[in-house]
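# Architecture and fold: a report
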Amino acid sequence: MMSVKEYANDVNLDVTTIMELCKKLKIQVQSTEDILDDDAIILLDNEIINLKEEQADEAEIIEEEEELIESSKDFVPNQNSNNKTQQAKKKKKQNKNIPQNKKNDFKKQRKEMYKHKDKLKSNTYQLDESIVLYKEGMTVGGFATALATSVGEVIKKLMSLGMMMNLNQVIDFDTAAIISSDFGRELKREETTDEVNFEELELQDSEEELVKRPPVVTIMGHVDHGKTTLLDTIRKTNVVSGEAGGITQAIGAYQITYQGNKITFIDTPGHAAFTEMRARGASVTDIVIIIVAADDGVMPQTKEAIDHAKAAGVPIIVAVNKMDKPDANPERVLTEMAESGIIPEEWGGDTMFVNISAKTGMGISDLLERILLISDLEELKANPNRYASGTVIESKMDKNLGVVSTLLIQNGTLRLGDAIVVGTCAGKVRTLKNDLNESLVSAEPSTPVTITGLSESPSAGDKFMVFENEKKARSIASERALKLKSNNNQTQETVSLDDLFNRINEGAKEINVILKADVKGSEEAVRNSLLKLDVEGVRINIIRSGIGTVSPTDITLAAASNAIIIGFNIRPDNKTMDFAKERNVDIRLYNIIYKLVEEVEAAMKGKLDPIFEEQILGNAEVRKLFKFSKVGTIAGSMVTNGIIKRDAKARVIRDGVIIYDGAINTVAREKDQVKEVKSGIECGITIENFNDIKPGDIIEAYEIVEKER
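Residues numbered from 1 in each chain as written. Predicted model: local features only at pLDDT ≥ 70, side-chain atom pairs only at ≥ 80, totals over all residues. Heavy atoms only, no water.

### Side note on the pattern of salt bridges
To keep it simple, the criterion reads: Any carboxyl oxygen of Asp or Glu that lies within 4 Å of a side-chain nitrogen of Lys or Arg is treated as forming a salt bridge with it. We count a stretch as a helix when DSSP gives it H or I for four or more residues in a row; a strand needs E for two or more, and each element gets its number in order from the N terminus. Type-normalised accessible area, obtained with a 1.4 Å probe on protein chains alone, sets the label of each residue: buried when under 20%, exposed when over 50%, and partly exposed for intermediate values.
Inspection of the entire model under this criterion finds 27 salt bridges. Measuring nitrogen to oxygen at the nearest pair gives 2.9 Å for the salt bridge that ties Lys212 to Asp376. Here Asp376 lies in helix H12 (residues 364-378) and Lys212 lies in strand S5 (residues 211-212), a separation of 164 residues in the sequence. A relative accessible area of 43% means that Asp376 is categorised as partly exposed. A salt bridge links Lys325 to Asp295, with the shortest nitrogen-to-oxygen separation between them at 3.4 Å. Taken as a pair, Lys325 in the loop between strand S10 (316-321) and helix H11 (330-339) and Asp295 in the loop between strand S9 (287-293) and helix H10 (300-312) lie far apart in primary sequence, 30 residues in all. Since its relative accessible area comes to 36%, Lys325 is described here as partly exposed. Exposure remark for Asp295: the relative accessible area of 21% places this residue in the partly exposed category. A network of salt bridges, in which partner residues are shared, links Arg571, Glu614, Arg651, Asp661 and Glu700.

### Here's the deal with unusual backbone geometry
Positive phi values are uncommon outside glycine, yet Ala148 reaches one of about 60°. On the basis of relative accessible area, Ala148 is assigned to the exposed category, the value being 67%. Residue Lys671 is not a glycine yet carries a positive backbone phi of 70°. Counting through the fold element by element, Lys671 comes out in the loop between strand S30 (657-669) and strand S31 (672-673).

### Points about the environment of Thr640
Which entries qualify depends on this criterion: In the analysis that follows, any N or O atom pair within 3.5 Å is treated as a polar contact, provided that within protein one partner can donate a hydrogen and the other can accept it, and provided that, for residues neighboring in sequence, both atoms belong to side chains.
With respect to the helices and strands, the residue Thr640 is situated in strand S28 (residues 632-645). Sequence spacing of Thr640 and Ala620 is 20 residues, and the spatial spacing of their C-alpha atoms is 5.3 Å. A polar contact is formed between the side chain of Thr640 and the side chain of Asn641, at a distance of 3.4 Å.

### A short note on helix H2 (residues 15-24)
Heads up, the rule is: Throughout, the arc means the angular range of directions from the helix axis out to the C-beta atoms.
Turning to H2, its buried residues number three or more, namely Ile18, Leu21 and Cys22. Seen end-on, H2 carries its buried residues on one side only, within an arc spanning 105°. Every exposed residue of H2 that faces more than 90 degrees away from the buried side is listed here: Glu20, Lys23 and Lys24. Backbone geometry just after H2 places Lys26 at a positive phi near 60°.

### Things to note about a nonpolar patch on the surface
Our working rule: Residues with no salt bridge and a relative accessible area higher than 30% make up the patches, which join like charges within 9 Å and nonpolar side chains (Val, Leu, Ile, Met, Phe, Trp, Tyr) within 5 Å. Values of accessible area rely on a 1.4 Å probe in the Shrake-Rupley scheme; residue burial ignores everything except the protein chains shown.
Together, Phe626, Phe628 and Val631 give the surface a local cluster of nonpolar side chains, amounting to about 290 Å² of exposed area. By the secondary structure assignment, Phe628 is in strand S27 (residues 611-628).

### Side note on the sheet that holds strand S22 (residues 510-517)
We count it as follows: Between any two strands, pairing holds if DSSP finds at least two bridges.
Here we have five strands laid out as an open sheet, ordered S23-S24-S22-S25-S26, and mixed in their pairing. Where the open sheet ends on each side, the last strands, each with one partner, are strand S23 (534-535) and strand S26 (587-590). Alignment of strand S25 (residues 564-568) against S26, held across four bridges, turns out to be parallel. Directly across from Ile565, in S26, lies its bridge partner Ile587.

### Here we look at the pairing of S9
Of all seven residues making up S9, seven are buried, and the element is well covered by its neighbours. Both faces of S9 are covered, namely the face carrying Ile287, Ile289, Ile291 and Ala293 and the face carrying Val288, Ile290 and Val292. Where strand S6 (residues 216-221) and S9 come together, five bridges link them in parallel fashion. Bridge pairing in S9 places Met220 opposite Ile290. Bridge count for S9 against S10 is six bridges, and the pairing is parallel. By the bridge assignment for S10, Ile289 is matched with Ile317.

Laid out in C-alpha cells, this is it:
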C-alpha cells in the first residue's frame, strides 16, 4: 500500500492525472495523501498500461502516415499516385491488425490474471517446534534458552562429549547440532531462516509441490571454436515461434523447445563473468557445455573453461565441433581433455562427448538429447505455486523504459504487478517479456525474462525475491539497506594460509589452491609435491594450475572457490596485487620448492613460524641500457611508483616472470650516486652480479620485515 502521491512518483506521472484515473475507476480517495490498497494499485497499473499502449499505437500510426506522405512526394500528384497512397495506407492498416490481435489477447490475459490473482505460497521460512535457531557467537546459556532446557542439562551433554564449558562460553554450530539432535530437535543457522537475508533462505517445498523444470545450460570454450555458431544453430531448433531462425535474442538468456521439452541457455560474455556470478553466490547453471574445435584441440581458454566448470560442480558435456572439416581429429580432443582431467565415458570416465558441426547442424539433436538425459538424471525440480525467486542475469538503463533487467526465475512464478526486491531496491513488475520480446502475464521456473519497474539497476548475480505485497517488499528492502550499511566495512570471508589450521579444525577436508609457475617443469614439480601432502585426512585440491603470472581471472576464481593462490618464481603486477587485496584473496609467492611445501604443510598443522613479510618499496621500468667494462650494465630507468633504494633487495621481472632475484648495487642520478630515487624520476640502476637486463624489464625493489602473527 502507498499514498496517491507516492504512487504518482512511482509511476512517474503527475499526481493530478492519478487523481483523475482514481475518479474514473471509482477508487475512493479525497486527497493525494490518501492510501491506495493493493487492489486499487492493480486497477491503476492496468489502466496506465492500457493508456500507454494506446498512445504508442497512435504514435506508430502517425509515424507511418508521415512516412507515406514523405514517400509520396517523389510521385507526380495525379490520380494514380493518390490511389497508390490510399492503397498503401490501407495495406498498412491491414498489417496492423495482426499484432493488434496479439495485443488484445495479452490485454485479455492480463485482465483475467489480475481479476483472479491467487495468493501464492509465501517465501517465508515456517518455523516449528522441532527447529532451533543458531545465532553466530551463541553462548552455552543462550543455546540452552533456545533449546528450552536448563543450562545444567546442556553442560552435562558437553561433558559427555569431553568438553568442559561454562554458560558464558561460545558454543560452535557443529557441537550445538549434536546436542540438539539428542533432544530430538533440528538446528538451523539464523540466516537460513531470515527472509531479509533471502540469498541464504532455505525454502521449504514438499515433494508433492515440486514439478519438473527445464535445465539451464551455459556454453563455454576457446575463442573461434564455434560457440556463437552453436548458439545460433540451437536457436534455429526452436519450433515455438513457427519460423526458422525467427528468434530475437533480446536478452542474455533464451529458451528453446526440443521434442516438447524446454531448455534454457545463458549466453555469458566470458568465463570470468560466469565465475564472477558464482562469486556472488549465483549458482544459475545446471549443465556446462565446453565446446572444442576438432581441428584445433584444447587451447588456453578451453583449460580456463574446464577450471571454471569444475569449480561450479555441475555436469559437463564436451561438444567436439567442426567435425565437417577434413583435418578434424576428435581422438586428439579426447586425449587432450583427458590430460586436463575430463575423462570421456568411453574411457571409463563420467563426461559425455558429442561430435558436432555447428555449421552444418550435424550432431545438434544428439547434443540436445544428452542435455535432456542429464536433466532427467539430475531430477531438476521447482515449485511454480510460490512467489518467485531467482537471479539477475544482466541489467541496463533504457532512456525510454528506465531500468530493464534480465532475470532467471529459479523457483516460483513471476507475475505482472508482483512486488519484487533486488539487492536493497524494492519495485513492482510493470512489464514482463520473454526472450522473443513477447509480453507475458506470468513466467514459471527456469524461464528467462526481462522486466521493468526497478528504481535502480542491479548487478549480474544479484538475487531477487517476490513478496506478498509492496508494503512488505519495501520493508525488506529497507532492512537490507541498513544491514548493508552496517556491513560495509566487513570484507568477504576467504581462506588464507594463516587461518588454514582453523579451517581444518572447523571441519574442512579439502583446501582449494590455484598454482601458477614460471615454467612447465616447475609447475609439475610443485603440483606433485602439494598433492602428496596429507595432514589428518585433509588434502590439497588444485583447482587450476598453469604457467605465467597471476591474472585477474585467477583472483576471481579464487574468490568464488575460497582458494589460496600460490605462485612459484612469478611476480604479479601491482594492479593485480591490488585487485587481490580488494577481493581479500591470499597470494603466496615462493622461489624455493621445499620452502613452499614446508610452509603449506606447517600451516595445515598449525605450526607456522613467525612471518617474514616482503614489503615492496617501488618499481622502475628499464628504458635504455648503458654498458661500461668496469661497471657492467647500467639500466637507465624511470621509477614508476614508490622508491628505489640503494642496497635494497631487487628482482628483475620480464613479462610477469622473475628472471633474477638479488640486490641493487648502485643507484645514480645525473652521474652522482644517491641513496634513493622517488617515483616519476629517471635514474641509473645496477644489479649485483647481473647484467642481462633488457629494455622493458621491471626492477622491483623490496625488503624483508618480520611481522607478528
